[in-house]
Amino acid sequence: MKKIFVKNRDLVVPGTLLAQGPFKNGRGTFKEGNRLYSSVVGLVRLSNDTVSVVPLEGPYIPEVGDTVIGKIVDVKFSNWIVDIGAPYQAGLRVQDAVEGRVDVLKTDLRKIFDIGDIIYAKVKAFNEINQIDLSTRGMPFNGGPLKGGQLVKITPSKVPRLIGKGGSMINMIKNLTGTRIIVGQNGWVWVSGRKEELEKLAIEAILKVNRESHTQGLTDRVREMLVQRLNEFKEQGIIEEAPQLEEGEGQ
Amino acid sequence: MMGKPEGLKLIDENGYRLDGRKKYELRKIKMEVGVLKSADGSAYVEWGKNKIMAAIYGPREIHPKHLQKPDRAILRVRYNMAPFSVEERKKPGPDRRSVEISKVIRGALEPAVILELFPRTSIDIFIEVLQADAGTRVAGITAASLALADAGIPMKDLVAACAAGKIDGEIVLDLNKEEDNYGEADVPVAIMPIKNNITLLQMDGYLTREEFLEAAKLAIKGAKAVYQKQREALREKYLKIVEEVGE
Amino acid sequence: MEIMASIMKDHILQLLKEDKRIDGRGLEDFRPLTVEMNVIEKAEGSALVKLGDTQVLVGIKVDLGEPFPDLPNMGVITTNVEFVPLASPTFEPGPPDERAIELARVVDRGIRESQAIDLERLVIVPGKLVRVVFIDVHVLDHDGNLLDASGIGAIAALLSTRIPKVEYNEETEEVVMLEEYEKLPVTRIPIPVTIAKIGGNLVVDPNFEEEQVMDGKITITTDENGYISAVQKSEGGSFKLEEIAYVTDLAYKKAREIREKILGIIKKE
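A. Up close: the overall build of chain A. Helix and strand counts for chain A come out as 4 helices and 16 strands. Referenced to the eigenvectors of the C-alpha coordinate spread, the extents of chain A come out at roughly 70 × 55 × 25 Å. Evaluated residue by residue, chain A yields a buried proportion of 40% over its 251 residues. Restricting to contacts in chain A with at least 6 residues of sequence separation, those with at least 24 account for 56%.

Below is the structure:
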């Protein structure tokens, strides 16, 4: 007998009974017999025959193809060790960063990426001991190192909310604050603006999305907050014109 | 168990205990989730006069590497009492009691965590007793459970814990410090309530078979009440924000 | 930790489906148990326990010392367990690890809470001088269930303990050890019984392989008074309440059998 005990977007905790019967258990759930339970704190998502829970917290679980922001933490003979906030170490081999053949004896890897550099990479593969292989080839900005700006970290499961449908949320923030923003799937976000106040405002908006991602009407509230603060900036003479929302944005 | 002062009654003729509670009454419990910024997950529990902070770091890589398990994560638990947490200052650092408690707490939480999702990593659980008044291990398990959920670590169920004991010949719920010191037995229990799986069970004292089973059953009832509070506390962290933004 | 061959785990589980164990025992059977007392003459008491291939040597040393300030009219007992490196490839030299500490504390509670030793009879000068009883468990060969072996060894060693009579002269405040010996006042015989849970099956006295594959275990210490003096669920896994009731009854039964064996050995000496 098929039965669902929750509604879409319900806030559940580990052990909450979600459904009974021949449902498929998606992310954030587990099955005991024919009963489906939540394994995390999150929002229920019902889709056809699949019941899943989108976690409101949790570690970054990398998937091949993900684009991530990372930090170089060590330089070895022919590879770099990169921190991407995952439970496993990530590595970037020199041949995955540079076109053509590289003579490691003659190349100082630190001249390409040095310790502390922020890079923009793609998850290429997992190896057999759960280490992550990255690649910066073909990435925007040559994969880095990214210069200037600031790094802010949000919960990885909230990245889709920060990006928004078709990029609506993130583009609204970018355009209103006039900043460049790169959102990594790992929840690491690089923000770079012409003025410090605008950079800070963008970060504030990003953190607001992170904090309120489980609520309704978030896009409107973020837009309101941004427009209000920009008007304040204009009055204080920090900026000359408050950037305008283009049509169709913030929807 | 210490020697009881002459004439001290832990329960009076009307069934009231020294702190005014009745036999099956829990002490007042407050729980808050997500209280520390640096940790991946955290929770703070006040249970009677106990003040317990729990934090999770992980899943993260283990050093030294030989501690890794190739197919699952490992749990590491450190239960520690702050020097100022007890009447007579306690020397900092793990003593034998803390080592044993850390081990049984690990045994209590392990069955609930879906360890196979994070091979070769460690999930580190820290339980700090900031103020102690008996029942620190069950309060610690309760807080650690919340912290694990707060860290987004997938679990099959929350682990809820509570203790029962025997004082003045009667089986009662949730002993405080005097009752634990002068009573006849202490029975801490932890369960995963969905399937009634008991993951912690100890008895310190001297009981008949019937008394032991009665105390275990009572502690389980107490744990189930604690479980409801845990679920509330986890939701509260987010419902609080919903209210703030006036949804 | 050694990685257990998965075929071993499957083998054990398969046998359990037919109520069998790898060494041919029944689910409720202890391995062959021998207890030899007074094996270390220089110790005040001692016992060598062989439980299957597990071997544990317990020595009792009795000293004179100060009582605890909050218990001025009671002697002192203290229990320590050494996982001696020669006993197992899984034991490393060093101070007791969490397993040794947990084991010592559970054995200690079983003895202390049953008041197996009458601590009041260990007082020589109230508040000043009492007997201090050191229970030292030395694990010699680890083939599983060190706890029961240690607990049995501890109580057997205590039963074998003889201490020199002591005279206290109130006037001169002199303490004199006499040539005459007396038995340590042991009034109860608590026996721990450990049951492991393996894939839903409950087995008594797990051996080393069974411990590697078990989900968890529980120890229940009972005395001849019909009381329980310690309970410890240990390692992972979980138990249902009905299983707890079952293992409690089982523990009483097996403890009685072991106690009779020990009493039989004492009679012979």
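B. Region of the structure containing the overall build of chain C. Assigned secondary structure in chain C consists of 5 helices and 12 strands. Computed over C-alpha atoms, the radius of gyration of chain C comes to 20 Å, within 12% of the 18 Å expected from 2.2 N^0.38 for 269 residues, which places it in the range of a compact globule. If you line up chain C on its principal axes, its C-alpha atoms span 70 × 40 × 40 Å. The buried share of chain C, taken over its 269 residues, is 45%. Sequence-distant contacts in chain C: of pairs separated by 6 or more residues, those separated by 24 or more amount to 68%.

C. Here's a closer look at the interface of chain B and chain C. In this complex, chain B contributes 29 residues to the contact, which on the side of chain C involves 30 residues. The class makeup of the residues in the side of chain B that touches chain C is 13 nonpolar, 9 polar and 7 charged. Taken together, the 5 bridges between strand β9 (residues 197-208) of chain B and strand β12 (residues 227-234) of chain C define a ladder with antiparallel strand orientation. In the strand pairing of β12(C), Met203(B) is matched with Val231(C).

D. Inspection of the interface of chain A and chain B at higher detail. With 25 residues of chain A at the contact, the number on the chain B side is 28 residues. Residue classes in the side of chain A that touches chain B are distributed as 12 nonpolar, 9 polar and 4 charged.

E. Examining the pairing of strand β11 (residues 216-222) of chain C more closely. Residues and elements named next belong to chain C. Of all 7 residues in β11, 7 are buried; the element is thus mostly enclosed. Here β11 shows a buried face lined by Gly216, Ile218, Ile220 and Thr222 and a second buried face lined by Lys217, Thr219 and Thr221. Pairing of β11 with β12, which is carried by 6 bridges, proceeds in the antiparallel orientation. Residue pairing across strands places lysine 217 opposite serine 234, the latter belonging to β12.

F. Seen up close, the packing of helix α2 (residues 98-113) of chain C against helix α3 (residues 146-160) of chain C. Residue and element names in this part refer to chain C. At a minimum axis distance of 10 Å, the contact between α2 and α3 shows a crossing angle of 45 degrees. In terms of orientation, α2 lies oblique with respect to α3. Viewed along their axes, α2 and α3 form a crossing whose handedness is right-handed. For the pair α2 and α3, contact is made by Leu103, Val106, Val107, Gly110 and Ile111 and by Leu146, Leu147, Ser150, Gly151, Ala154 and Ile155, respectively. Of the residues contributing to the contact of α2 with α3, the split by class is 8 nonpolar, 3 polar and no charged.

G. Structural detail: α3(C). Look at α3(C): 21 Å from first C-alpha to last across 15 residues, which is about the 21 Å you get at 1.5 Å a residue. The element α3(C) is largely enclosed, with a buried count of 15 among its 15 residues.

H. Focus on the sheet that holds strand β2 (residues 11-12) of chain A. Pairing in this open sheet of 4 strands is mixed, and the strands run β2-β7-β8-β4 (chain A) from one edge to the other. The strands lining the two open edges of the sheet, one partner per strand, are β2 and β4 (24-25) of chain A.

I. How the structure looks around the sheet that holds β11(C). Read from one edge of the open sheet, 8 strands run β7(B)-β6(B)-β8(B)-β9(B)-β12(C)-β11(C)-β9(C)-β10(C), paired in antiparallel fashion. Edge positions in the sheet fall to β7 (170-173) of chain B together with β10 (201-204) of chain C, since each has one partner strand and no second. Across the sheet, the mean angle separating the axes of adjacent strands is 20 degrees when strand polarity is ignored. Bridge analysis of strand β8 (residues 185-192) of chain B against β9(B) gives 6 bridges, and the strand direction is antiparallel. Across the sheet, the residue bridging to Met192(B) is Asn197(B), located in β9(B). Across the sheet, helix α2 (residues 136-150) of chain B lies against β6 (160-167), β8 and β9 of chain B, angled at about 165 degrees from β6(B), the strand it touches most.

J. Structural detail: the pairing of strand β8 (residues 174-183) of chain C. Residue and element names in this part refer to chain C. Burial of β8 is sparse: only 0 of the 10 residues sit out of reach of the surface. Here 7 bridges tie strand β7 (residues 162-169) to β8, and the two strands are oriented antiparallel to one another. Bridge pairing in β8 places tyrosine 168 opposite valine 175. Between the end of β7 and the start of β8, which pair antiparallel, lie 4 residues, with glutamate 173 showing a positive phi angle near 60 degrees.

K. The arrangement of the confidence of the model for chain A in detail. Counting all residues, the mean pLDDT for chain A is 91, and 96% of those residues have values of 70 or more. Below a pLDDT of 50 lies the segment residues 247-251 of chain A, which in the model reaches 10 contacts outside its immediate sequence neighbourhood of four places, other chains included.

L. Region of the structure containing the nonpolar core. Ranked by internal contacts, the top residues of the largest apolar core, which has 167 residues, are Ala54(B), Ala143(B), Ala161(B), Val189(B), Ala190(B), Ala219(B) and Ala223(B). Tallying contributions element by element places helix α4 (residues 209-244) of chain B first for this core, with 12 residues. Residues contacting Val189(B), with those up to four places away along its chain left out, are Ala161(B), Cys162(B), Ala163(B), Ile198(B), Leu200(B), Leu201(B), Ala216(B), Ala219(B), Ile220(B) and Ala223(B). Core analysis: the next-biggest nonpolar cluster, separate from the first, contains 47 residues, Tyr60(A), Trp80(A), Ala90(A) and Val159(A) among them.

M. Just the arrangement of the chains, in detail. A comparison of contact numbers over the 2 pairs of chains in contact places chains B and C at the top. The two partners chain A and chain C share no contact, and the minimum distance between any of their C-alpha atoms is 16 Å.

N. Fine view of the environment of Ser234(C). The residue Ser234(C) is located in strand β12 in this model. Classification of Ser234(C) as buried rests on a count of 23 C-beta atoms within 10 Å. Sequence separation between Ser234(C) and Arg99(C) is 135 residues; the distance between their C-alpha atoms is 9.8 Å. When neighbours within four sequence positions are excluded, Ser234(C) is seen to be in contact with Gly107(B), Glu102(C), Gly216(C), Lys217(C) and Thr219(C).

O. Structural view of the packing of α2(B) against α4(B). Residue and element names in this part refer to chain B. With their axes 11 Å apart at the nearest point, α2 and α4 run at an angle of 35 degrees to one another. For the crossing formed where α2 meets α4, the hand is right-handed. Contacts between α2 and α4 involve Thr142, Ser145, Leu146 and Ala149 from the former and Val226, Gln230, Ala233 and Leu234 from the latter. The residue inventory of the contact of α2 with α4, partitioned by class, reads 5 nonpolar, 3 polar and no charged.

P. Unusual backbone geometry, seen in detail. Here the amide bond leading from Gly144(A) into Pro145(A) is cis, since omega sits at 0 degrees, within 30 degrees of zero. Looking at where Pro145(A) falls in the secondary structure, it is placed in the loop between β13 (132-135) and β14 (150-153). Residue Pro64(B) follows His63(B) across a cis peptide bond; omega there is 5 degrees. Although it is not a glycine, Asp168(B) adopts a positive phi angle of roughly 45 degrees. Looking at the secondary structure, you find Asp168(B) in the loop between β6 and β7.

Q. Geometry of the environment of Leu151(A). Secondary-structure assignment places Leu151(A) in strand β14. If we ignore the near neighbours within four places in the chain, the residues touching Leu151(A) are Ile118(A), Trp188(A) and Trp190(A).

R. Broad picture of the confidence of the model for chain C. On average, residues of chain C score 94 in pLDDT, and 98% of them are at 70 or above. Across the interface, the model reports ipTM at 0.90; the global pTM reads 0.91.

S. Layout of α2(C). Residues and elements named next belong to chain C. Counted at 1.5 Å a residue, the expected span for α2 with its 16 residues is 22 Å, and the 22 Å between its end C-alpha atoms agrees. Burial within α2 is extensive, with 14 of its 16 residues counted as buried. Phi for glutamine 115, located one or two positions after α2, is positive at around 55 degrees.

Conventions adopted
- Along each chain, the written sequence defines residue order, and numbers are assigned to residues from 1.
- Chain letters and ligand numbers both follow the written order, the letters beginning at A and the numbers at 1.
- Note on the predicted model: pLDDT of at least 70 is required for a residue's local features to be given, and 80 or more for side-chain atom pairs to be given and counted; whole-chain, interface and lining totals, by contrast, use all residues.
- The way it works is that DSSP assigns letters per residue, a run of H or I at least four long becomes a helix, a run of E at least two long becomes a strand, and they are numbered from the N terminus.
- Working definition of burial: number of other C-beta atoms within 10 Å of the residue's own, with buried at 20 or more, exposed at 12 or fewer, and partly exposed in between, all C-beta atoms being placed from the backbone.
- By definition, residues are in contact whenever their C-beta atoms, placed on the basis of the backbone, come within 7 Å of each other.
- Here the radius of gyration uses the C-alpha set of atoms, whereas the globule reference equals 2.2 Å times the residue count to the power 0.38.
- Each residue gets one label: Ala, Val, Leu, Ile, Met, Phe, Trp, Tyr, Cys and Pro are nonpolar, Asp, Glu, Lys and Arg are charged, and the others, such as Gly, are polar.
- Paired strands, in this sense, are two strands between which DSSP finds at least two bridges.
- Angular values range over 0 to 180 degrees, each being the angle between N-to-C directions of two axes fitted as lines to C-alpha atoms, with helices fitted over their stretch in contact.
- Here roughly perpendicular refers to angles of 65 to 115 degrees, roughly parallel to angles under 35, roughly antiparallel to angles over 145, and oblique to all remaining angles.
- It is the rotation of the near helix from the far one that decides the hand of a crossing: anticlockwise by less than a right angle makes it left-handed, clockwise makes it right-handed.
- Helix span is expected to be 1.5 Å times the residue number reduced by one.
- Each residue carries a pLDDT score, the predictor's confidence in it, ranging from 0 to 100.
- The nonpolar core is taken to be a set of buried Ala, Val, Leu, Ile, Met, Phe, Trp, Tyr and Cys residues joined by way of C-beta atoms within 7 Å.

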